[in-house]
Amino acid sequence: MVLEDIAPIESSPLRPTELPDPHPAPGEVRLAVHTCAICRTDLHVIEGELPPQKLPVIPGHQIVGVVDELGAGCTRLKVGQRVGVAWLRHTCGRCGFCAAGRENLCEAQRFTGYHADGGYAERAVVAEDFAYELPETFGDVEAAPLLCAGIVGYRALKRAELPAGGKLAIYGFGSSAHVIAQIAMHRGCDVYVVTRGESHRELARQMGAVWVGERADDMPVRADSAIIFAPAGELVPAALEKLEKGGTLSLAGIYMTPIPEMDYERCVFYERDIHSVTANTRADGRELLAAAAEIPIRPHTTTYPLAEANRALQDLKADRLNGTGVLLVGRDP
Ligand SMILES: [Zn+2]
Ligand SMILES: [Zn+2]
């Protein structure tokens, strides 16, 4: 499913297209894609909130598949092995950020389904070093949402500095939020959810949130940590007002509408911190996958055939989707 030009998802801009199979360069592997989850970032790529890097492009950066061709020099992975591909697909490995374990800030980073073709396709290519081994616990559909919703959500949770047994407020209850809520609860934390969609509130209640509502103002307590998953800047002051002294607000989105002016005393003073979140490191990915298998996390998914990628993304944009949308691509999983 190829994007030729930036366009609103309502115009169904992804077109089914026959392309020759790609072949892996040295150090790369090729996957026969089984599933690929959809993500709000795909919408930002398609609709142009993120400046275009490659057009035409095949979106998709939560890819589960089986290695079917090895490039020269690959030693870690084997043909037939199941792996996952995530958003981060290249870093320089030499700069100060890479050396300090913050490769998510590397200037040379490149992303799957944005700088290079992604997983809305039957074949995908990735550097061997950026492919993740996937725990057996998860089927091809369940594993896909872990690769972005899970990994980036996990980094957002780390950046929220949630204390043991603390109170976590979550704004927006889409695919990342519903994965991360399971980790927080597993750690004995109370989860408070603010979200507009009634079906999202219902899912949050079912999953064991101690409080679920439509507006931050109604939340009965101040949270120790908060994560905003919704790309809505107007949530920032409201979330900060509902944060305990010394608390941390983590902003999980790659894109956010402008943050309105806010009152220093009510929103920022008392050592409340705001942490933005930029992609993830490979270490975050490995930690998330290990935690997911141990808990185990159970992603809620809605599946669509690959050919219906436009409809899946339209459902995501219109908040008609609970959990994560997953495209079924190859062999029936
Ligand atoms: Zn670097
Ligand atoms: Zn994503």
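Structure: above.
Residues numbered from 1 in each chain as written. Chains lettered and ligands numbered in written order. Predicted model: local features only at pLDDT ≥ 70, side-chain atom pairs only at ≥ 80, totals over all residues. Heavy atoms only, no water.

**Description of the overall build of the chain**
A count of helical and extended segments in the chain gives 10 helices and 17 strands. Against the 2.2 N^0.38 benchmark of 20 Å for 333 residues, the chain shows a C-alpha radius of gyration of 19 Å, consistent with a compact globule. With the C-alpha coordinates aligned to their principal axes, the bounding extent of the chain is approximately 60 × 45 × 35 Å. A burial count over the chain gives 54% of its 333 residues as buried. For the chain, the share of sequence-separated contacts (at least 6 apart) that also reach a separation of at least 24 residues comes to 72%. With the model as given, the accessible surface of the chain reaches about 14100 Å², and the carbon-plus-sulfur share is 49%. A gap of 2 Å separates the mean positions of the 33 positive and 44 negative side-chain charges of the chain. (Helix = DSSP H or I, 4+ residues; strand = E, 2+ residues; numbered from the N terminus. Rg over C-alpha atoms; globule rule 2.2 N^0.38 Å. Buried < 20%, exposed > 50% of the residue type's maximum accessible area, 1.4 Å probe, protein only. Contact = heavy atoms within 4.5 Å. Areas by Shrake-Rupley, 256 points an atom, 1.4 Å probe, with all protein chains shown as cover. Lys, Arg positive; Asp, Glu negative; His and termini not counted. Charge placed at Lys NZ, Arg CZ, Asp CG, Glu CD.)

**Considering the pairing of strand S4 (residues 63-70)**
Of the strand pairs in this sheet, strand S3 (residues 28-37) and S4 are connected by 7 bridges, and their pairing is antiparallel. What sits directly across from Ala32, in S4, is Val66. (Pairing = 2+ DSSP bridges.)

**Comments concerning the layout of surface pockets**
There is about 670 Å³ of room inside the second largest pocket. The element contributing the most residues to the lining of the second largest pocket is strand S8 (residues 123-127), with 4 residues. Tallied by class, the residues present in the lining of the second largest pocket amount to 16 nonpolar, 4 polar and 9 charged. (1 Å grid on protein atoms, 1.4 Å probe; cavity = no way out; pocket = protein on both sides within 12 Å on 5 of 7 lines; lining within 4 Å. Points joined across faces, edges and corners; volume = space filled by probe spheres on them. Nonpolar A, V, L, I, M, F, W, Y, C, P; charged D, E, K, R; others polar.)

**Focus on the coordination of the zinc ion (ligand 1)**
The protein atoms donating to the zinc ion (ligand 1) are Cys92 (SG), Cys95 (SG), Cys98 (SG) and Cys106 (SG), with metal-donor distances spanning 2.3 to 2.4 Å. The site at the zinc ion (ligand 1) holds 4 donor atoms, and with the angles between them running 105 to 118°, its shape is tetrahedral. The sequence motif formed by the donor residues of the zinc ion (ligand 1) is C-x2-C-x2-C-x7-C. (Donors = N, O, S within 2.8 Å, 3.2 Å for Na, K, Ca; no water. Tetrahedral: all angles 85-135°; square planar, octahedral: opposite > 155°, others 65-115°.)

**Things to note about the environment of Ala169**
Turning to its location among the elements, Ala169 is positioned in strand S10 (residues 167-171). Of the residues examined, Ala169 reaches a relative accessible area of 0% and is grouped as buried. Along the sequence, Ala169 and Ile228 sit 59 residues apart, while their C-alpha atoms lie 8.4 Å from each other.

**Brief notes about the pairing of S10**
The buried count for S10 comes to 4 of 5 residues, which makes it a mostly enclosed element. The pairing of S10 with strand S11 (residues 190-194) spans 5 bridges and is classified as parallel. Bridge pairing in S11 links Tyr171 to Val194. The parallel pair S10 and S11, bridged by helix H5 (residues 175-186), forms a crossover whose chirality is right-handed. (Right-handed = clockwise from strand over helix to strand, strands pointing away.)

Functional significance is not addressed by these values, which are geometric in nature.
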